[in-house]
2 protein chains.
Amino acid sequence: MSIVIVGSVAFDTIETPQERVERAIGGSATYSSMIASLFCPVKLVGVVGEDFRAEHRAVLEAKGIDLEGLETVEGGKTFFWEGRYGADPNERDTLVTELNVFETFKPVLPESWRGSGFLFLGNIDPDLQIDVLDQMKEGTVSGCDTMNFWIEGKPESLRRLLSKVDILFVNDGEARQISGESNLLHAGKAILEMGPSVVVIKKGEHGAMLMTGDMKFITPAFPLESVMDPTGAGDTFAGGFMACLAAAGKVDSESLKRAMVYGTVSASFTCEQFSVERLKNLSSDDIKKRFNELMAMVRVDDEAQD
Amino acid sequence: MSIVIVGSVAFDTIETPQERVERAIGGSATYSSMIASLFCPVKLVGVVGEDFRAEHRAVLEAKGIDLEGLETVEGGKTFFWEGRYGADPNERDTLVTELNVFETFKPVLPESWRGSGFLFLGNIDPDLQIDVLDQMKEGTVSGCDTMNFWIEGKPESLRRLLSKVDILFVNDGEARQISGESNLLHAGKAILEMGPSVVVIKKGEHGAMLMTGDMKFITPAFPLESVMDPTGAGDTFAGGFMACLAAAGKVDSESLKRAMVYGTVSASFTCEQFSVERLKNLSSDDIKKRFNELMAMVRVDDEAQD
């Protein structure tokens, strides 16, 4: 099956203690589509300004991503974000957020995309996420991301979204914020009661935990010798996860477990270079190789029965 | 095989946001011996004062722990520690440390214990750890714990210990402090170069990572619905780990992996109740059951080769 991915397409200026990169390609839909393209056909819904030129589109086209749903606003400027990381790559300050063309974005899905089967809603206004979800055909498997800005600013829209979506991706802080529970198992349970049948709680370098009504699954992060730029790691995780499900064409325990591991290794690649650089030349084989490496680091061959 | 365990036997006063427990049984050798006793015969080396009465010894004796090496100093007082946990159970303040009989402790191993095969050196003065290690027969498999107090206060003794010991247990902060490396893979490599053939880096609720010259293994923590008291979790981890190796009677990749998972689930039990309460009635079957539960949370049945 194929996947429709909605979210931001952006320019990011990123500063780490080592380096600064100006106006690199970024945005939730960019990261998640680029990784998803290694698993299944991808259809991107988003908006850019005139400053998003052919050379920028080419980065997405090179991955075979269908851009029919990427609207260009004449005379408009592309969404811009600037952030700075400290010595701890888990902590960052947002210095600038310019919504630009995103401010009036009203996503409309091409008719032929509505039966794609799988949908990933990157971190945008939950009202827009609901709007897109409602455009998809009945039976679509949907996943969404969100952030503290919407949890605080649009709690009712977010609750409405959660009552409709199948899979929620959040980090540990967001899970605690949404649920009001500090223990992550309690937080996950509380979120499942709000609607999603699957919740994925991401913990950055400490891995991720998936919960359904009758299953828990935990993946440690893939250990990296150096983290250059964690921007987009969460989007890549979710993109790899959802596209792995779309490729399998089903959502059962085993495909969810595989999606967790593929999401995890997907995110690890993104951190290795600035912006989407590492994703540009990444292959399916690179991902499969790292999947097996990570599994070898957690698997015990003979179990407890002595 | 059997294991000799050296460390503190203590009284702990522990305060959490929920509760306060006064002068409960604690100490590194207590926690690690009690869990180890579920895997193999345990011989405890330590020192207590007259205030450590028959009822306290009975807690250890009930586990079948050999106390021939537990010296009682007439007129002396047992090591005392008081600590307070905040809302985040990973952070604690030490309020009181009274070494008491520990100040002049000079461990002497019963002659018949020196060929036990396995040795765990709980967190005590590295000079004492070396002294005990030197009393064991050639070919003993040894593991040790340490802490920031010794890393800062006795760096040369610690380096000497590391050149002799086989397995080092540290938490992530200690690994960074010993190695001067912030990345944990680099920290682990640097520590391996100092002597140990195995380093285990513990990350509390985020699990643990093991490194040897040619293997990495990662275990997430066993997810708990509530953490009542994390005191002794690290000691229980190391005790379960080392005793699992002693029970296997060998140190190869597979036994190290199993030891990581057993250490992890051992630690999880300790956190469920105050002091050693949960360990008192814990059975081998409880541990095996949780081993299998944790493995089910990380294992993917069909791997990446589609």
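Residues numbered from 1 in each chain as written. Chains lettered and ligands numbered in written order. Predicted model: local features only at pLDDT ≥ 70, side-chain atom pairs only at ≥ 80, totals over all residues.

**Q** Explain the overall build of chain A here, please?
**A** Looking only at helices and strands, chain A has 11 helices and 13 strands in total. On C-alpha atoms alone, chain A measures out to a radius of gyration of 18 Å, which is about the 19 Å that the 2.2 N^0.38 rule sets for 306 residues. Expressed as a percentage of the 306 residues in chain A, the buried residues total 50%. Taking the intrachain contacts of chain A between residues at least 6 apart in sequence as the baseline, contacts between residues at least 24 apart amount to 66%. (Helix = DSSP H or I, 4+ residues; strand = E, 2+ residues; numbered from the N terminus. Rg over C-alpha atoms; globule rule 2.2 N^0.38 Å. Buried ≥ 20, exposed ≤ 12 C-beta atoms within 10 Å, placed from the backbone. Contact = placed C-beta atoms within 7 Å.)

**Q** Is there a simple way to explain the relation of the copies chain A and chain B in this structure?
**A** Between the two copies of the chain lies a relationship made up of a rotation around an axis and a movement along it. The two copies are related by a screw operation: chain A maps onto chain B through 180 degrees of rotation and 0.0 Å of translation along the axis, at an RMSD of 0.0 Å. These values place the two chain copies in the arrangement generated by a two-fold rotation axis. Of all interface residues in chain A, 100% are interface residues in chain B too; the two copies therefore contact each other through one and the same surface. (Least-squares fit on C-alpha atoms with pLDDT ≥ 70 in both.)

**Q** How do you make sense of unusual backbone geometry when you look at a structure like this?
**A** If a residue is not glycine, its phi is most likely negative; likewise, a peptide bond is most likely trans. Unusually for a residue other than glycine, S275 of chain A sits at a positive phi of about 50 degrees. Positive phi, normally seen in glycine, also occurs at N100 of chain B, with a value near 55 degrees. Mapped onto the secondary structure, N100 of chain B falls in the loop between β7 (92-98) and β8 (117-121).

**Q** When you look at the pairing of strand β10 (residues 167-171) of chain B in this model, what are you seeing that I'm missing?
**A** A regular strand carries its side chains on alternate faces of the sheet. All names here are of chain B. Of all 5 residues that make up β10, 5 are buried, and the element is covered over most of its length. Burial along β10 is two-sided: I167, F169 and N171 facing one way and L168 and V170 facing the other are all buried. Taken together, the 3 bridges between strand β9 (residues 141-145) and β10 define a ladder with parallel strand orientation. The partner of D145 across the bridge, within β10, is F169. (Pairing = 2+ DSSP bridges.)

**Q** I keep staring at the environment of G83 of chain B and nothing clicks. Help me out?
**A** Residues and elements named next belong to chain B. One can find G83 in strand β6 (residues 79-85). Along the primary structure G83 and T72 are separated by 11 residues, whereas in three dimensions their C-alpha atoms are 25 Å apart. Among residues more than four places away in sequence, those in contact with G83 are I14, R92, D93, T94, L95 and T231.

**Q** Help me understand the interface of chain A and chain B, please; the structure alone is not making it clear to me.
**A** It is common to give the size of an interface as the accessible area that goes away when the parts come together. Between chain A and chain B, the contact holds 29 residues from the first and 29 residues from the second. Among the elements of the structure, α7 (184-193), β13 (216-219), α9 (253-272) and α11 (284-298) of chain A are those that each provide at least two residues to the side of chain A that touches chain B. Considering each element in turn, the side of chain A that touches chain B owes the most residues, 6 residues, to α11 of chain A.

**Q** Got a minute to help me understand helix α5 (residues 155-162) of chain B in this structure?
**A** Three or four residues apart is the spacing at which side chains of an α-helix point the same way, because the helix has 3.6 residues per turn. Residue and element names in this part refer to chain B. Among all positions in α5, only L158, L161 and L162 are buried. Along the axis of α5, the buried positions cluster into a sector of 95 degrees, meaning they face one direction only. Where the residues of α5 are buried, they touch α3 (126-135), β9, α4 (148-153) and β10. (Arc of directions from axis to C-beta.)

**Q** Just checking my understanding: could you explain helix α9 (residues 253-272) of chain B for this structure?
**A** A rise of 1.5 Å per residue sets the reference length of α9 of chain B, with its 20 residues, at 28 Å; its end C-alpha atoms lie 30 Å apart and thus fit the reference within 8%. The element α9 of chain B is largely enclosed, with a buried count of 16 among its 20 residues. (Expected span 1.5 Å × (residues − 1).)

**Q** Even after reading the chapter, I still don't get the sheet that holds β6 of chain B, so can you show me in this structure?
**A** By definition, the strands of a sheet pair up through backbone hydrogen bonds, in either a parallel or an antiparallel sense. Residues and elements named next belong to chain B. Read across the open sheet, the 4 strands follow the order β3-β2-β6-β7; overall the sheet is mixed. Of all strands in the sheet, those bounded by a partner on one side alone are β3 (20-26) and β7. Each strand axis lies, on average, 20 degrees off the axis of its neighbour in the sheet, ignoring direction. (Axes fitted to C-alpha atoms, helices over the stretch in contact; angles between N-to-C directions.)

**Q** What is the right way to look at the pairing of strand β5 (residues 66-73) of chain B in this model?
**A** The sheet contact formed by strand β4 (residues 42-49) of chain B and β5 of chain B spans 6 bridges and is parallel. Along β5 of chain B, the bridge assignment pairs V45 of chain B with G69 of chain B.

**Q** What is the right way to look at the nonpolar core in this model?
**A** Within soluble globular proteins, side chains that are nonpolar tend to cluster in buried spots. Judged by nonpolar contacts, the single largest core of 181 residues is most densely connected at I3 of chain A together with I3 of chain B. Not counting residues within four places of it along the chain, the set of residues in contact with I3 of chain B comprises A36, C40, V42, S116, F118, L119, F120, M242, A243 and A246 of chain B. (Core = buried A, V, L, I, M, F, W, Y, C linked by C-beta atoms within 7 Å.)

**Q** Even after reading the chapter, I still don't get the sheet that holds strand β7 (residues 92-98) of chain A, so can you show me in this structure?
**A** Residues and elements named next belong to chain A. One open sheet holds the 4 strands; their spatial order is β3-β2-β6-β7, and the pairing between them is mixed. Both edges of this open sheet fall to β3 (20-26) and β7, since each of them pairs with a single strand only. The mean angle between the axes of side-by-side strands here comes to 20 degrees, regardless of whether they run parallel or antiparallel.

**Q** Even after reading the chapter, I still don't get the packing of helix α3 (residues 126-135) of chain A against helix α5 (residues 155-162) of chain A, so can you show me in this structure?
**A** Between two packed helices, the angle of one axis relative to the other and the distance separating the axes together describe the packing. Residues and elements named next belong to chain A. Relative orientation of the contacting elements α3 and α5 amounts to 25 degrees, with a least axis distance of 8 Å. The pairing of α3 with α5 is recorded here as roughly parallel in orientation. Pair α3 / α5 crosses with left-handed handedness. Here P126, D127, Q129 and I130 of α3 lie close against α5, whose contacting residues are S157, L158, R160 and L161. Considering only residue class, the contact of α3 with α5 consists of 4 nonpolar, 2 polar and 2 charged. (Parallel < 35°, antiparallel > 145°, perpendicular 65-115°, else oblique. Left-handed = near helix turned anticlockwise from the far one by under 90°. Nonpolar A, V, L, I, M, F, W, Y, C, P; charged D, E, K, R; others polar.)

**Q** I'm lost on the confidence of the model for chain A in this one. Help?
**A** Atom-level detail of predicted coordinates should not be read off regions where pLDDT is low. Of the residues in chain A, 98% reach a pLDDT of 70 or more, and the chain-wide mean stands at 95. Scored as a whole, the predicted complex attains pTM 0.94, and scored at its interfaces, ipTM 0.92. (pLDDT = per-residue confidence, 0-100.)

**Q** How do you make sense of the packing of helix α8 (residues 233-248) of chain A against α9 of chain A when you look at a structure like this?
**A** Residue and element names in this part refer to chain A. Two elements in contact, α8 and α9, have axes whose closest approach is 7 Å; the angle formed by their N-to-C orientations is 145 degrees. The interaxial crossing formed by α8 with α9 has right-handed handedness. Taking contact as the criterion, the partners of A233, T236, F237, A238, G239, G240, F241, C244, L245 and A248 in α8 are, on α9, S255, R258, A259, M260, Y262, G263, T264, S266, A267, T270 and C271. Among the residues forming the contact of α8 with α9, the class breakdown is 12 nonpolar, 8 polar and 1 charged.

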